[in-house]
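Residues per chain, in single letters:
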Amino acid sequence: MAQLDLSSITKRYGDFYATRNLSLSVEDGEFVALLGPSGCGKTTTMRMIAGFVEPTEGSVHIGGRDMTNLPPWKRDTGLVFQNYALFPHLSVAQNVAFGLEMRHISKSDIAPKVEEALRLVRLGGMGDRMPRQMSGGQQQRVALARALVFRPDVLLLDEPLSNLDAKLRLEVRVEIRELQRKMGITTVMVTHDQEEALTMADRLVVMRDGEVRQVGTQRDLYERPTDSFVASFVGRSSFLHGTARDAGQFLTRGGLQIQCAELEKVLFGPALLSLRPERIIVDSRPPEGLENVFPGEVSFVSYLGGLLDIHIQLAGDEQVIAQIPNRAEAGIPQIGDKVFVGWSAASARVFSDPDRSAS
Ligand code: ATP
């Protein structure tokens with residue numbers, strides 16, 4: 001177990017930067033998830049930690065030791081890939097033993113270590129089976145046992161659950177997290193699945209174009225995103241373009257005047273206001289006690305079971321999406337219903353507008 005430090009790592013392919021000046025510290029025993037759109041450099045970052053890709057600049061330290069120029073087999077990193085990558089012609093036990101043999105562990109030590117690793121992932125006694133005799137979830141657990149068997153300092157999970165069906169994903173997600181906690185192993189995971197990242201990781205790293213945009217807990221990212229990209233990438237938001245003015249006011253392009261507590265801190269000028277869907281109250285009468293109340297018309301309703309997504313058209317061609325609990329007694333709003341929406345001045349976040357500040 002060890003702390004992982006990436007210091008200003010850049011990976012260049014010709015003129016293209018797969019990662020740029022990326023720094024990240026993962027505490028001993030911490031579970032961090034890398035999130036970001038396709039091509040933002042997540043896998044490249046993982047490969048640099050594992051030693052399969054050499055950084056153009058910067059360094060990788062594990063447990064305080066400089067690993068930047070060491071080959072993968074000299075780093076104590078355990079890797080689990082999306083496609084399990086088990087050897088089909090080797091038994092489960094032989095697959096798990098492979099990493100130990102590579103490390104020249106004595107034969108007599110290998111068998112008990114393999115059995116212990118299989119027990120850890122709840123596959124005790126199944127070492128003689130072949131991979132084809134195992135389900136997808138079991139194969140992924142074999143891959144996990146193979147990564148854990150030599151007690152690596154850092155566990156790297158690259159989309160480890162994406163080949164599993166939805167129900168199994170939930171199960172294996174919990175299993176991996178519990179095991180990671182129990183072993184106290186420093187872990188970095190890449191995932192496309194936000195919910196997976198939100199439920200498994202201690203902290204999330206949001207990346208874009210090879211750079212880290214924000215690192216924080218789920219709550220930090222959801223409630224205090226540092227820019228509109230993070231606000232749109234983590235959770236959902238309605239965005240309104242407009243102008244930030246003094247005295248806590250935001251004027252939308254369509255002419256709505258919105259009270260916004262946060263405006264004391266932002267630069268005035270072209271801006272983007274973001275609202276989380278559950279912060280918007282929808283009612284047939286004007287909601288009380290809120291600084292922002294506007295009449296609107298329901299333009300779309302998504303029925304999500306316990307929750308309803310209500311799209312509401314406001315004056316000036318503005319639209320917001322509210323998420324409300326599905327309460328039988330309140331009825332379900334219908335398209336065309338005239339309603340009021342409301343939110344507090346503290347609910348909105350305001351960012352400089354990337355489209356307009358670039359122009
Ligand atoms: P995804 O979510 O789609 O897996 P990612 O965030 O993991 O994407 P990377 O695989 O790290 O992204 O790739 C980052 C960028 O670097 C991409 O634009 C990719 O095309 C580019 N890239 C990766 N490897 C190479 C390479 N060997 N040569 C040139 N470009 C590369």
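All values derive from a computational prediction rather than experimental measurement. (Residues numbered from 1 in each chain as written. Predicted model: local features only at pLDDT ≥ 70, side-chain atom pairs only at ≥ 80, totals over all residues. Heavy atoms only, no water.)

## Considering the site of the ligand
Here comes step 1: The full set of residues close to the ligand is Tyr 13, Phe 16, Ala 18, Pro 37, Ser 38, Gly 39, Cys 40, Gly 41, Lys 42, Thr 43, Thr 44 and His 192.
Here comes step 2: A distance of 2.5 Å separates an oxygen atom of the ligand from a polar atom in the side chain of Thr 44.
Here comes step 3: Relative to its unbound accessible area of 640 Å², the ligand is 60% covered by the protein chains.
Here comes step 4: Among the elements of the structure, β2 (16-26) and α1 (42-50) are those that each provide at least two residues to the shell around the ligand. (Near = heavy atom within 4 Å. Polar contact = N/O pair within 3.5 Å; in protein donor to acceptor, adjacent residues only side chain to side chain. Areas by Shrake-Rupley, 256 points an atom, 1.4 Å probe, with all protein chains shown as cover. Helix = DSSP H or I, 4+ residues; strand = E, 2+ residues; numbered from the N terminus.)

## Some remarks on the environment of Val 206
Here comes step 1: Inspection of the secondary structure assignment puts Val 206 in strand β9 (residues 203-208).
Here comes step 2: With relative accessibility at 0%, the residue Val 206 sits in the buried group.
Here comes step 3: Separated by 39 residues in the primary sequence, Val 206 and Lys 167 have C-alpha atoms spaced 26 Å apart. (Buried < 20%, exposed > 50% of the residue type's maximum accessible area, 1.4 Å probe, protein only.)

## Here we look at helix α3 (residues 107-120)
Here comes step 1: Along its 14 residues, α3 runs 20 Å from first to last C-alpha, staying within 8% of the 20 Å computed at 1.5 Å per residue.
Here comes step 2: The inward-facing, buried residues of α3 abut α2 (92-102) and α4 (136-148). (Expected span 1.5 Å × (residues − 1). Contact = heavy atoms within 4.5 Å.)

## Brief notes about the domain arrangement of the protein chain
Here comes step 1: Taken domain by domain, the protein chain holds domain 1 (4-223) and domain 2 (237-358).
Here comes step 2: The gap between the C-alpha centroids of domain 1 and domain 2 is 40 Å. (Domains from an automatic or database assignment.)

## Details of the nonpolar core
Here comes step 1: Counting 44 residues, the largest nonpolar core has Val 96, Leu 144, Leu 155 and Leu 157 as the members making the most contacts within it.
Here comes step 2: For this core, the element with the highest residue contribution is α4, accounting for 6 residues.
Here comes step 3: Here Leu 155 is in contact with Gly 78, Val 80, Leu 144, Ala 147, Leu 148, Ile 185, Thr 186, Thr 187 and Val 188, once residues within four sequence places are set aside. (Core = buried A, V, L, I, M, F, W, Y, C linked by side-chain atoms within 4.5 Å.)

## A word on the pairing of β9
Here comes step 1: Examined bridge by bridge, strand β3 (residues 31-35) and β9 share 4 bridges and lie parallel to one another. Residue Leu 35 lies in a different strand from β9, and its bridge partner there is Val 206.
Here comes step 2: In the sheet, β9 pairs with strand β10 (residues 211-216) via 5 bridges, with the strands oriented antiparallel. Across the sheet, residue Leu 204 finds its bridge partner in β10, namely Gly 216.
Here comes step 3: Linkage of β9 to β10, two consecutive antiparallel strands, is achieved through a turn of 2 residues, within which Asp 209 is found at a positive phi near 50 degrees. (Pairing = 2+ DSSP bridges.)

## Describing the pattern of salt bridges
Here comes step 1: This model, assessed by the stated rule, comprises 17 salt bridges.
Here comes step 2: Residue Asp 202 pairs with Arg 177 through a salt bridge whose shortest N-O separation is 2.6 Å. Linking Asp 202 in the loop between α6 (194-200) and β9 with Arg 177 in helix α5 (residues 166-183), this pair joins segments that are 25 residues apart in sequence.
Here comes step 3: Judged by its relative accessible area of 8%, Arg 177 falls in the buried class.
Here comes step 4: Across the pair Lys 338 and Glu 297 runs a salt bridge whose closest N-O atoms are separated by 2.6 Å. Placement of the pair is Lys 338 in strand β19 (residues 338-343) and Glu 297 in strand β16 (residues 292-303), with a sequence separation of 41 residues.
Here comes step 5: Lys 338 sits in the exposed class, given a relative accessible area of 63%.
Here comes step 6: Classification of Glu 297 by relative accessible area gives partly exposed; the value is 33%.
Here comes step 7: A cluster of three or more residues bridged by salt bridges with shared partners is formed by Arg 219, Glu 223, Glu 278 and Arg 279. (Salt bridge = Lys/Arg side-chain N within 4 Å of Asp/Glu carboxyl O.)

## Remarks on the side chain of Asp 227
Here comes step 1: Within the secondary structure, Asp 227 sits in the loop between α7 (218-223) and α8 (228-233).
Here comes step 2: Classification of Asp 227 as buried rests on a relative accessible area of 16%.
Here comes step 3: Looking at Asp 227, its side chain comes within polar contact range of the side chain of Arg 213, at 3.0 Å.
Here comes step 4: At 2.9 Å, the side chain of Asp 227 forms a polar contact with the backbone nitrogen of Val 230.
Here comes step 5: Once you skip the residues sitting within four places of it in the chain, Asp 227 turns out to touch Arg 213 and Phe 351.

## Quick look at the sheet that holds β10
In a beta sheet, neighbouring strands are held together by backbone hydrogen bonds and run either parallel or antiparallel to one another.
Here comes step 1: Here we have 6 strands laid out as an open sheet, ordered β6-β7-β8-β3-β9-β10, and mixed in their pairing. Every other strand in the sheet has two partners, leaving β6 (77-80) and β10 as the edge strands with one partner each. Within this sheet the neighbouring strands show an average axis-to-axis angle of 20 degrees, counted without direction.
Here comes step 2: Relative to strand β8 (residues 186-190), β3 is paired through 4 bridges, and the arrangement is parallel. Residue pairing for β8: Val 32 is matched across the bridge by Val 188.
Here comes step 3: Of the strands in this sheet, β6 and β7 (154-158) are in contact with α4, which crosses β6 at around 170 degrees. (Axes fitted to C-alpha atoms, helices over the stretch in contact; angles between N-to-C directions.)

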